[in-house]
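Spelled out, the chains give:
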Amino acid sequence: MSSAQTPHSELVGTLYRDHRGWLLAWLRRNVACPSRAEDLSQDTFMRLLGREELREPREPRAFLVAVAKGLLFDYFRRAALEQAYLTELMLIPESEHPSPQEQHLILEDLKAIDRLLGKLSSKARAAFLYNRLDGLGHAEIAQRLGVSVPRVRQYLAQGIRQCYIALYGEPL
């Protein structure tokens, strides 16, 4: 692998050098855990390195905050998901609890499903969950979401497509 800098990596390097300290301070004010703030700061720049295209932002700090907020939102959503799972686990008898290894695998699967459904719009995600978890029909979902039945069908197709991609990859 070449150690030559690309314009893309040079831009990320410049953003890192010029604004990392400021971003870390911003994150520390918004996250209770200093190590979580550090992780989010690093994740922000890793996210930028992973982008296929990156142009120099007019407002670098606002741009970095927007990326960091997205990561922060994802972190809190995953933490809430994990807490919901643990709360549900407490409702069943301890003798029926899955093993610690199984619990870990279940949490990883839940996080993967969350990432998968996170690619859908909020209404498409809600429609898919209403249908698959609550067993609601198209008309009921349409009424709850305030959309038409054909729109619900589109939402469900989007959800199924995301499941297909997760299992088999992008269709050709």
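Because the structure is a prediction, the values reported are computed rather than measured. (Residues numbered from 1 in each chain as written. Predicted model: local features only at pLDDT ≥ 70, side-chain atom pairs only at ≥ 80, totals over all residues. Heavy atoms only, no water.)

Another point: the UniProt feature "domain: RNA polymerase sigma-70 region" (unreviewed entry) in the protein. Here the UniProt-annotated "domain: RNA polymerase sigma-70 region" (unreviewed entry) positions come out as residues 15-80. In this annotation, residues 15-80 is assigned 82% helix and 0% strand; the end-to-end C-alpha distance for the span is 31 Å. (UniProt positions renumbered as here; feature names shortened; annotations may be inferred. Helix = DSSP H or I, 4+ residues; strand = E, 2+ residues; numbered from the N terminus.)

Turning next to a nonpolar patch on the surface. Among the surface-exposed residues, Y164, L167 and Y168 lie close enough to one another that they form a single nonpolar patch of about 400 Å² accessible area. As for its placement among the helices and strands, Y164 is situated in helix α7 (residues 149-168). (Patch = residues over 30% accessible without salt bridge, like charges linked within 9 Å, V, L, I, M, F, W, Y side chains within 5 Å. Areas by Shrake-Rupley, 256 points an atom, 1.4 Å probe, with all protein chains shown as cover. Salt bridge = Lys/Arg side-chain N within 4 Å of Asp/Glu carboxyl O.)

Where helix α5 (residues 122-132) contacts α7, the axes come no closer than 8 Å and their chain directions differ by 85 degrees. With respect to α7, the element α5 is oriented roughly perpendicular. From α5, K123, A124, A127, F128, N131 and R132 reach across to α7, where they touch Y155, L156, Q158, G159, I160 and C163. A class-by-class count of the residues in the contact of α5 with α7 yields seven nonpolar, three polar and two charged. (Axes fitted to C-alpha atoms, helices over the stretch in contact; angles between N-to-C directions. Parallel < 35°, antiparallel > 145°, perpendicular 65-115°, else oblique. Contact = heavy atoms within 4.5 Å. Nonpolar A, V, L, I, M, F, W, Y, C, P; charged D, E, K, R; others polar.)

Another aspect to go through is helix α6 (residues 138-145). Within the sequence span of α6, burial applies to I141, A142 and L145. Across the axial projection of α6, the buried residues extend over an arc of 100 degrees, all falling on one side. Facing away from the buried surface of α6 by more than 90 degrees, the exposed residues are A139, Q143 and R144. Contacts from the buried residues of α6 go to α5 and α7. (Buried < 20%, exposed > 50% of the residue type's maximum accessible area, 1.4 Å probe, protein only. Arc of directions from axis to C-beta.)

Moving on to the confidence of the model for the protein. Of all residues in the protein, 98% have pLDDT values of 70 or greater, and the mean over the chain is 89. The secondary-structure element of the protein with the lowest mean pLDDT is helix α4 (residues 100-117), recorded at 86, while α6 shows the highest, at 96. (pLDDT = per-residue confidence, 0-100.)

What follows concerns the layout of surface pockets. If you add up the space inside the largest pocket, you get close to 370 Å³. The set of elements that each furnish at least two residues to the lining of the largest pocket consists of α3 (60-90), α4 and α5. Ranked by residue count, the leading element in the lining of the largest pocket is α4, at five residues. Among the residues making up the lining of the largest pocket, the classes are represented as ten nonpolar, no polar and four charged. (1 Å grid on protein atoms, 1.4 Å probe; cavity = no way out; pocket = protein on both sides within 12 Å on 5 of 7 lines; lining within 4 Å. Points joined across faces, edges and corners; volume = space filled by probe spheres on them.)

Following the sequence through the fold, H8 ends up in helix α1 (residues 7-30). A polar contact is formed between the side chain of H8 and the backbone oxygen of L48, at a distance of 3.0 Å. Setting aside anything within four residues of it in sequence, one finds H8 in contact with L48, L49, R51, E52, E53 and L54. (Polar contact = N/O pair within 3.5 Å; in protein donor to acceptor, adjacent residues only side chain to side chain.)

A separate point is the pattern of salt bridges. This model, assessed by the stated rule, comprises eight salt bridges. A salt bridge links E38 to R28, with the nearest nitrogen and oxygen atoms 3.8 Å apart. Remark: R28 occurs in helix α1 and E38 occurs in helix α2 (residues 34-50); sequence separation between them is ten residues. Judged by its relative accessible area of 46%, R28 is partly exposed. In this structure, a network of salt bridges that share partners links the residues R20, R28 and E38.

Before going further, it helps to examine the UniProt feature "domain: RNA polymerase sigma factor 70 region 4 type" (unreviewed entry) in the protein. Those places that UniProt annotates as "domain: RNA polymerase sigma factor 70 region 4 type" (unreviewed entry) correspond, in this numbering, to residues 111-163. Spanning residues 111-163, this segment combines 77% helix with 0% strand, and its end C-alpha atoms are found 14 Å apart.

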